Amino acid sequence: MGEIGTAITGLLNFRDVGGLPTSNGARTRFKTLYRSHSPSGLGPEGMAEIRALGLGAVLDLRDEFETVQWPYDLGAPSIRRYFVPVLGNRPVPPDQADLYLHMVEECGSEFTRAVLAMADAQSLPLLVHCAVGKDRTGVTVALALSAVGVTDEAIVTDFLRSNPGLNIPDPGLDDSEDDGDGDGTRDRFLMHHHVRAALIESALARARLLGGDVPGYLAMHGMTDAELDALRTNLTEPLDD
């Protein structure tokens, strides 16, 4: 199963989304879909390591103000840049659980545009990111993976890798073990930043409620059967005999 993967110097939450099992006995391809924190702020070494991945495209899910405030230059004009502002400057709920449901309910067209980038073979390998590669990226990747038949268990496993990928502490620790003053600072941090299985499970359940299944949800927002077939071809492969 995919791991956080080969490190990119200075880039948090980077991983290859390859090796995840599908319900029909296939798996996701390695070196095809990567996810990460935004590359803004990376030094020359990290940028060179990104270029060495041989990317066809980078998919940036941030809103316009984020791309202006935290820009970056990969130094490789041949790498396509897709900008799909998932939230589109919409007001969002402050509660993390409500945010995930809100995104699925209100941002279906944007998520579908993002997934369609993965259906274009010329865009692969593709790196997808938002600000920290956790929420917007997490739902985008989960929808794509579910659409090609990756099991929910594997989707959740990949999703939860954002906690160590971002150095988010284990919620099992006591507040006193973190900051020594027991003022609840750590609990408040975890409430807004620590990802839990229930977040992505509820997002997928809501997409299935709206569309019948995840392919149906994407079809509601413009994905064709041919594009879904291309997505499956691009992202999955048979297991080795």
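Reading the values: the criteria
Residues numbered from 1 in each chain as written. Predicted model: local features only at pLDDT ≥ 70, side-chain atom pairs only at ≥ 80, totals over all residues. Heavy atoms only, no water. Helix = DSSP H or I, 4+ residues; strand = E, 2+ residues; numbered from the N terminus. Areas by Shrake-Rupley, 256 points an atom, 1.4 Å probe, with all protein chains shown as cover. Salt bridge = Lys/Arg side-chain N within 4 Å of Asp/Glu carboxyl O. Buried < 20%, exposed > 50% of the residue type's maximum accessible area, 1.4 Å probe, protein only. Arc of directions from axis to C-beta. Contact = heavy atoms within 4.5 Å. Phe/Tyr/Trp six-rings, centres within 6.5 Å; stacked < 30°, edge-to-face > 60°. Pairing = 2+ DSSP bridges.

**Brief notes about the overall build of the chain**
- In terms of helices and strands, the chain carries 12 helices and 7 strands.
- For the chain, the accessible area works out to roughly 10,900 Å², and carbon and sulfur atoms hold 53% of it.

**Some words on the pattern of salt bridges**
- This model, assessed by the stated rule, comprises 12 salt bridges.
- Between Glu237 and Arg29 there is a salt bridge, and its shortest N-O distance comes to 3.6 Å. One end of the pair, Glu237, is in strand S7 (residues 236–238); the other, Arg29, is in the loop between strand S2 (26–28) and strand S3 (33–36), and 208 residues separate them in sequence.
- Across the pair Arg208 and Asp152 runs a salt bridge, and its minimum N-O distance is 2.8 Å. Within this pair, whereas Arg208 is found in helix H10 (residues 197–211), its partner Asp152 is found in helix H6 (residues 152–160), the two being separated by 56 residues in sequence.
- The network of salt bridges with shared partners includes Arg15, Arg35 and Asp158.

**What to know about helix H12 (residues 225–235)**
- Regarding H12, the residues found buried are Leu228, Leu231, Asn234 and Leu235. All buried residues of H12 lie within an arc of 125° about the axis, which places them on one face of the element. Projecting away from the buried face of H12 at angles above 90 degrees are the exposed residues Asp225, Ala226 and Thr233.
- Buried-residue contacts for H12 involve S2, S3, helix H4 (108–118), helix H5 (136–147), helix H11 (214–220) and S7.

**Observations regarding the packing of aromatic side chains**
- Evaluated as defined, the whole model comprises 2 aromatic pairs.
- Look at Phe14 and Tyr34: their rings are 5.4 Å apart centre to centre, the planes differ by 15°, and that puts the pair in the stacked class. With Phe14 in the segment before strand S1 (15–16) and Tyr34 in strand S3, the pair connects residues that are 20 residues apart, well separated along the chain.
- Exposure remark for Phe14: the relative accessible area of 4% places this residue in the buried category.
- Ring geometry for Tyr100 against Phe159: centres 5.9 Å apart, planes inclined by 85°, an arrangement best described as edge-to-face. With Tyr100 in helix H3 (residues 96–106) and Phe159 in helix H6, this pair connects stretches of sequence that are 59 residues apart.
- Assessed through its relative accessible area of 0%, Tyr100 is described here as buried.

**Quick word on the pairing of S3**
- Burial along S3 is two-sided: the residues Leu33 and Arg35 and Tyr34 and Ser36 are all buried.
- Relative to S3, S1 is paired through 2 bridges, and the arrangement is antiparallel. Across the sheet, residue Asp16 finds its bridge partner in S3, namely Tyr34.
- Summarising the sheet, S3 and strand S6 (residues 126–129) pair through 4 bridges and their orientation is parallel. If you follow Ser36 over to S6, its bridge partner there is His129.

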